[in-house]
Amino acid sequence: MFSLSAFVSLLLFFALLAGLLLVVFSPIIPLSIVFCTLGLSLTGAGLSTLIPTVFSSAGHLPNQDTGKAIATVAAFTYSGSILSPPMIGAMSTAFDSLR
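Residues numbered from 1 in each chain as written. Predicted model: local features only at pLDDT ≥ 70, side-chain atom pairs only at ≥ 80, totals over all residues. Heavy atoms only, no water.

## Quick look at a nonpolar patch on the surface
Consideration 1: On the surface, a cluster of nonpolar side chains totalling about 410 Å² of accessible area is made up of Leu-4, Phe-7, Val-8 and Leu-11.
Consideration 2: Relative to the helices and strands, Phe-7 resides in helix H1 (residues 4-25). (Patch = residues over 30% accessible without salt bridge, like charges linked within 9 Å, V, L, I, M, F, W, Y side chains within 5 Å. Areas by Shrake-Rupley, 256 points an atom, 1.4 Å probe, with all protein chains shown as cover. Salt bridge = Lys/Arg side-chain N within 4 Å of Asp/Glu carboxyl O. Helix = DSSP H or I, 4+ residues; strand = E, 2+ residues; numbered from the N terminus.)

Now the structure itself:
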């Protein structure tokens, strides 16, 4: 049936979805700060397995040098963390606010 790692991955995926739903719908729920904090915590738990899984998958690619594959993944992840804040700022300026 399912292996333990597949079950944990599926569980964390549903935690990610539940967390995002809580964050999105928290403004209409009483005690919204509590639900928003819980939602962001669940989202973090769901996303926490993403980067280790991506690096592990890159290291196990067939017919690829392990070091080059991991370096490529690292370059994309670091460039994403450098480029995303200015992009969010530009979107916020273009739409007057993100709320």
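Don't stop here, the text continues.
## Section: the environment of Leu-40
Consideration 1: With respect to the helices, strands and loops of the structure, Leu-40 is situated in helix H2 (residues 32-47).
Consideration 2: Among the residues examined, Leu-40 registers a relative accessible area of 51% and is labelled exposed.
Consideration 3: Each C-alpha atom of the pair Leu-40 and Gly-19 lies 5.8 Å from the other, and the pair is 21 residues apart in sequence. (Buried < 20%, exposed > 50% of the residue type's maximum accessible area, 1.4 Å probe, protein only.)

## Some remarks on the side chain of Thr-43
Consideration 1: Mapped onto the elements, Thr-43 comes out in helix H2.
Consideration 2: Taking the relative accessible area as the measure of exposure, Thr-43 reaches 8% and is therefore buried.
Consideration 3: A polar side-chain atom of Thr-43 sits 2.8 Å from the main-chain carbonyl oxygen of Gly-39.
Consideration 4: Every residue in contact with Thr-43, bar those within four places of it in the chain, is listed here: Ala-15, Leu-16, Gly-19 and Leu-20. (Polar contact = N/O pair within 3.5 Å; in protein donor to acceptor, adjacent residues only side chain to side chain. Contact = heavy atoms within 4.5 Å.)

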